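Fold and contact review
Okay, here's what each chain looks like letter by letter:
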Amino acid sequence: MPRRCAVKISTESLSLSLRHPFGISRGVATVSNNVIVRLEQGGDIGLGEAAPSRHYGETGASVARAVEIMARELPEDPLQLETAMSKAESTIGRSGAAKAAIDIALHDLAAKRLGVSVHELLGLPRPEDRITSFTIGLDEHHVVRQKVLEARQYPVLKVKVGVPGDVRLVALVRELSEARIRVDANAGWSFAEARRKIPQLVDLGVELIEQPLPATHFEGMRALRALCPVPIFADESVERARDIPRVAACVDGINIKLMKCGGLREAVRMVAVARAHNLQVMLGCMVESSLAITAAAHLASLADHLDLDGHLLVSNDPFAGIEVVDGRIRLPEGPGLGVRQREAIAGGDEG
Ligand code: MG
């Protein structure tokens, strides 16, 4: 039964340190300044996480502000997920990471209230025997060599490209590893560059190309797709469900991330829209702790490909949840997300 008392909400900043500087075509990151949201009601606690992205105009401060605004609108009954997220949409609009944090925390709280796990709350099976890729960021060759050797246990690698010399980088990874290889250009190529490089990458065994061109170059992607023997996936071109129809004829699949779309509810909607357009689905992530990665993993049964490695890239993950063994994900038991906090979060309360 719903307990008619207000949901108490608080946020904390969480500065995640990357094991290696994380390079993509747009730049290099060494930390991710995330925000943890905690909802409390009648002794139950729901946890959520936001990984703000500069690319989408977000910062830790903007997320904390957005969460504060949404906090005033939360329904007393956490099971009213649709109502809560519709209000979030109308009050704060676009901030995907802030909405994701609230959405994840509400799902955790609602599922705990019912004594079920989040995937059960969503009517989904527990994912079995699913493999996640592991990302190799852009770097000097000797560092990439080190990263690939450290990633020996992962059967699928996602190599960041989209800069000069990237084909040689993939050739190096190919030389060092027998893993399946996907590449992600993060919108870093021109059409001519993509057209020249894709055949070379396919010759190296690359099995999937993510976001070859800038986000709105739909016609270019459509033309590339006609030439490309392996699937092309859109990431930056698609933030949420409403973005899918315009890319549907241009790509083979989309990368769905909780932080882009605003949480589990919108992610499930995106899967439905993608399937209606005959698109494949990858479930991806930003640099996130085990908290948000575990939330995404509850949707794993809906995806063709998983790229849920954000927590594996950081050295100070304060949460325990999803485990990855030889690239295979294992969801924690227990109600809600099944995530527990294993150490205090350094970073201080943001109010
Ligand atoms: Mg990507």
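In what follows, the structure referred to is the one given above.
I will try to describe carefully the structure that is included in this document. What you see is a predicted model; the values in this text were computed from it and never measured.

What follows deals with the overall build of the protein. The helix and strand tally for the protein stands at 12 helices and 15 strands. Dimensions of the protein, computed from the C-alpha atoms along their principal axes, are close to 60 × 40 × 35 Å. When burial is assessed residue by residue, the protein has 58% of its 351 residues classed as buried. At a minimum sequence separation of 6, the contacts of the protein that also span at least 24 residues come to 68%. When the 42 positive and 45 negative side-chain charges of the protein are each reduced to one mean point, those points stand 2 Å apart.

It is worth spelling out the packing of aromatic side chains at this point. Scanning the entire structure with this criterion turns up one aromatic pair. Both rings, one in F134 and one in Y154, keep their centres 4.4 Å apart while their planes meet at 0°; by these two values the pair is stacked. Of the two residues, F134 sits in strand β4 (residues 134-136) while Y154 sits in the loop between α5 (141-150) and β5 (156-160), which places them 20 residues apart along the sequence. Residue F134 is classed as buried on the basis of its relative accessible area, which comes to 11%.

Moving on, we come to the coordination of the magnesium ion. Summarising the metal site, the magnesium ion is bound by the protein donors D184 (OD), E210 (OE) and D235 (OD), whose distances to it range over 2.1 to 2.2 Å. For the magnesium ion, the donor residues sit on a single chain with the sequence spacing D-x25-E-x24-D. Highlighted residues: E210 in strand β7 (residues 206-210) and D235 in the loop between β8 (232-234) and α9 (244-247), separated in sequence by 25 residues.

What the largest pocket holds in volume is close to 850 Å³. Residue lining of the largest pocket: 36 residues in total, with A29, P52, S53, R54 and V287 positioned closest to the centre. When contributions to the lining of the largest pocket are tallied by element, the ones reaching two or more residues are β1 (8-24), β2 (27-41), β5 and β9 (253-257).

Running from N to C, helix α1 (residues 60-71) and helix α3 (residues 96-114) point in directions that differ by 50°, and their axes come no closer than 9 Å. Here α1 lies oblique to α3, going by the angle between them. Relative to α3, the crossing made by α1 is right-handed. Residues V63, A66, V67 and M70 of α1 form the contact with α3, whose participating residues are A97, A98, K99 and I102. Looking at the contact of α1 with α3 residue by residue, the classes come out as seven nonpolar, no polar and one charged.

Turning our attention to the pattern of salt bridges. Summed over the entire model, instances satisfying the criterion amount to 27 salt bridges. Linking E82 and R269 is a salt bridge whose minimum nitrogen-to-oxygen distance equals 3.5 Å. Placement of E82 in helix α2 (residues 81-92) and of R269 in helix α11 (residues 264-276) is noted, with a sequence separation of 187 residues between them. The exposure class of R269 is partly exposed, given its relative accessible area of 37%.

Quick look at empty space enclosed by the protein now. Any empty space left between the atoms is revealed when a probe the size of a water molecule rolls over them. Summed over all chains, the structure comprises two cavities of 30 Å³ or more. Empty space within the largest cavity amounts to approximately 40 Å³. Looking at the lining of the largest cavity residue by residue, the class counts come to two nonpolar, one polar and four charged. Volume-wise, the second largest cavity comes out at about 30 Å³. For the second largest cavity, the full set of lining residues is M70, E73, L74, A84, M85, K87, A88 and I102. When residues in the lining of the second largest cavity are grouped by element, the largest group, four residues, is from α2.

As a further point, take the pairing of strand β6 (residues 180-184). Counting buried positions over the five residues of β6 gives four, a clear majority of the element. Where β5 lies against β6, five bridges are found, and the strand directions are parallel. Paired with V159 across the strands is V183, a residue of β6. Chirality of the crossover, the property in question, places the unit of β5, helix α6 (residues 166-176) and β6 among those that are right-handed. Bridge count for β6 against β7 is three bridges, and the pairing is parallel. Bridge pairing in β7 links D184 to E210.

Cut-offs used in this document
- Sequence order sets the numbering: in each chain, residues are counted from 1 along the sequence as written.
- Reporting in this predicted model follows two pLDDT cut-offs: at least 70 for local features of residues, and 80 or more for side-chain atom pairs to be given and counted; totals over whole chains, interfaces and linings ignore these cut-offs and use all residues.
- With hydrogens and water excluded, all non-hydrogen atoms of the structure serve as input to the side-chain values.
- Labels follow the DSSP assignment, with helices taken as runs of H or I lasting at least four residues and strands as runs of E lasting at least two, numbered in each case from the N terminus.
- Using a 1.4 Å probe on the protein chains alone, a residue whose accessible area is under 20% of its type maximum counts as buried, one over 50% counts as exposed, and one in between counts as partly exposed.
- The contact rule is simple, with two residues in contact once any of their heavy atoms fall within 4.5 Å.
- The positive count covers Lys and Arg only, the negative count covers Asp and Glu only, and His and the chain ends enter neither.
- Taken as the charge centre is NZ of Lys, CZ of Arg, CG of Asp or CD of Glu, depending on the residue.
- Classification of ring pairs rests on two measures: the distance between centres of Phe, Tyr or Trp rings, Trp counted by its six-membered ring, which must be within 6.5 Å, and the angle between planes, read as stacked under 30 degrees, edge-to-face over 60 and tilted in between.
- For Na, K and Ca the donor cutoff is 3.2 Å, while for all other metals N, O and S atoms count as donors only within 2.8 Å; water does not appear among the atoms, so some sites may look incomplete.
- Definitions used for this entry: grid spacing 1 Å over protein atoms alone; cavity, a set of points where a 1.4 Å probe fits but cannot get out; pocket, an open set with protein on both sides within 12 Å along at least 5 of 7 lines; lining residue, one with an atom within 4 Å of a point.
- Grid points are joined across faces, edges and corners, and a volume is the space filled by probe spheres set on the points.
- What counts as an axis is a line fitted to C-alpha atoms, over the stretch in contact for a helix, and the angles between N-to-C directions run from 0 to 180 degrees.
- Angles are sorted into four bins: roughly parallel if under 35 degrees, roughly antiparallel if over 145, roughly perpendicular if 65 to 115, and oblique for all others.
- For any pair of crossing helices, the crossing counts as left-handed if the nearer helix is rotated counterclockwise from the farther one by less than a right angle, and right-handed if it is rotated clockwise.
- Nonpolar residues are Ala, Val, Leu, Ile, Met, Phe, Trp, Tyr, Cys and Pro. Charged residues are Asp, Glu, Lys and Arg, and all others, Gly as well, are polar.
- Any carboxyl oxygen of Asp or Glu that lies within 4 Å of a side-chain nitrogen of Lys or Arg is treated as forming a salt bridge with it.
- We treat two strands as partners when DSSP finds at least two bridges between them.
- The crossover handedness rule: strands pointing away from the viewer, path from first strand over the helix to second strand clockwise, crossover right-handed.

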